[in-house]
Amino acid sequence: MQITKFTHSCLRIEGDGVLVVDPGGFSERSALAGADAVLITHEHPDHLDVEAVTEAVRQRPGLTVFVHPDVLPKTEAFAAAVTTVEPGAEFLAAGFTVRAFGGQHAVIHPDVPQIANIGYLISDGTANLYHPGDSYHVPEGTTVETLFVPLQAPWAKVSETIEFVRTVRPERAFALHDGLLNDNGFGIYQGLMDRLSGTTYARLAPGSTIG
C-alpha cells in the first residue's frame, strides 16, 4: 500500500488499484488521475469537488464513487457512477477492503445542523489506514496502523484531537485537514503532538508518499 497525501484532506492510495479519498476543492486534481474508485466522507466542498469528480468519471467511465445516501443530491452530474454506503458497511473498492464507520460530522456550532460523515478504514490485507473525515469517531473493534488525524478546522479543538489519537492508539499518525494552517501553526501542532499524542506523528507535505 502506497499512500500519497495531497493538500488538506485528500489521500491517494495505490495497490492493486488506485483509491482516492476526499478529493476536495483545496486539493490537487492530479490526485484523481487514473483512479479506480473514490471515497467521499461528506458533502462539504473541501472534501468533494463536484467538478473534479465529474471530470474524472468522464475520463474513466468505470470509476466508482462511494458516498453516504445524504450526499446523493451533490452527485447528480455523475449519478451513474455512485454507490451509496452507510456506517457498518464493508465493501471492496479498487482492490481494497473498506469498512465504514461513524455517521455524523463533528459539531461546528449548536446552531449549525450536523450532516452525515463516514470514516473509512482501508486495508490491503497486510496494512491499513483510517481516514475519519470531519469527525473524531473511533473505529471500534479494530487495530489502526496508520491514522490520518484532522489537525485544524472550525470544529476542531487540539485537546480533542490529541485524545482522539490516544484513544485510537495507532502505530503512527499523520496530519489531515491541515489546509488552513501556515508554518507557524504547523510548528505549534507538531510540538503538542510530539509531546502528548503517544505515537509517532508527522505532517506530510502535499505530494509526499509513504508506504
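Every value quoted in this text rests on a predicted model; they were computed, and no experiment measured them.

Engineer: I keep staring at the overall build of the protein and nothing clicks. Help me out?
Structural biologist: When helices and strands are tallied, the protein shows three helices and 14 strands. Taking 2.2 N^0.38 as the reference for a compact globule, 211 residues should give roughly 17 Å; the C-alpha atoms of the protein span a radius of gyration of 16 Å, in line with that estimate. Overall, the C-alpha framework of the protein stretches about 45 × 40 × 35 Å when taken along its three principal axes. Look at the contacts in the protein between residues 6 or more apart in sequence, and 54% of them connect residues 24 or more apart. As displayed, the protein has an accessible area near 9,200 Å², and 49% of this comes from carbon and sulfur atoms. Within the protein, the 25 negative side-chain charges are centred at a point lying 5 Å from the centre of the 13 positive side-chain charges.

Engineer: Would you take a moment to explain the packing of aromatic side chains for this structure?
Structural biologist: Aromatic rings in a pair are described by how distant their centres are and how their planes are angled relative to each other. Enumeration over the complete set of coordinates arrives at five aromatic pairs. Taking the centre distance of 5.2 Å and the plane angle of 70° together, the rings of Tyr136 and Trp155 count as edge-to-face. Highlighted residues: Tyr136 in the loop between β10 (128–131) and β11 (146–150) and Trp155 in the loop between β11 and α2 (158–168), separated in sequence by 19 residues. Using a relative accessible area of 19% as the deciding quantity, one classes Tyr136 as buried. Chaining the aromatic ring pairs together yields one cluster made of Tyr136, Trp155 and Phe164. Of note, Arg203 hangs over the ring of Phe186, and the distance from its end group to the ring centre comes to 3.7 Å.

Engineer: I would appreciate a short explanation of the side chain of Thr41 in the present structure.
Structural biologist: Tracing the sequence through the fold places Thr41 in the loop between β4 (37–39) and α1 (50–59). Of the polar contacts made by the side chain of Thr41, one reaches the side chain of Asp22; its length is 2.6 Å. Those residues in contact with Thr41 that sit more than four places away from it in its chain are Val21, Asp22, His47, Ala116, Asn117, Ile118, Tyr120, His131 and Gly133.

Engineer: I would appreciate a short explanation of unusual backbone geometry in the present structure.
Structural biologist: The bulk of non-glycine residues show a negative phi, and the bulk of peptide bonds are trans. Even without being glycine, His8 reaches a positive phi, approximately 70°. Mapping His8 onto the fold places it in the loop between β1 (2–5) and β2 (11–14). With relative accessibility at 1%, the residue His8 sits in the buried group. In this structure, Arg169 is a non-glycine residue whose phi angle is positive, near 55°. Mapped onto the elements, Arg169 comes out in the loop between α2 and β12 (172–176).

Engineer: When you look at α1 in this model, what are you seeing that I'm missing?
Structural biologist: Because each turn of an α-helix spans 3.6 residues, side chains separated by three or four positions end up pointing in the same direction. Buried within α1 we find Ala52, Val53, Ala56 and Val57. What you see down the axis of α1 is that its buried residues fit within an arc of 135°, all on one side. Among the exposed residues of α1, those pointing more than 90 degrees away from its buried face are Glu51, Arg58 and Gln59. Looking at the buried residues of α1, the elements they touch are β5 (64–67).

What counts and how
- Residues numbered from 1 in each chain as written.
- Predicted model: local features only at pLDDT ≥ 70, side-chain atom pairs only at ≥ 80, totals over all residues.
- Heavy atoms only, no water.
- Helix = DSSP H or I, 4+ residues; strand = E, 2+ residues; numbered from the N terminus.
- Rg over C-alpha atoms; globule rule 2.2 N^0.38 Å.
- Contact = heavy atoms within 4.5 Å.
- Areas by Shrake-Rupley, 256 points an atom, 1.4 Å probe, with all protein chains shown as cover.
- Lys, Arg positive; Asp, Glu negative; His and termini not counted.
- Charge placed at Lys NZ, Arg CZ, Asp CG, Glu CD.
- Phe/Tyr/Trp six-rings, centres within 6.5 Å; stacked < 30°, edge-to-face > 60°.
- Buried < 20%, exposed > 50% of the residue type's maximum accessible area, 1.4 Å probe, protein only.
- Lys NZ or Arg CZ within 6 Å of the ring centre and 35° of its normal.
- Polar contact = N/O pair within 3.5 Å; in protein donor to acceptor, adjacent residues only side chain to side chain.
- Arc of directions from axis to C-beta.

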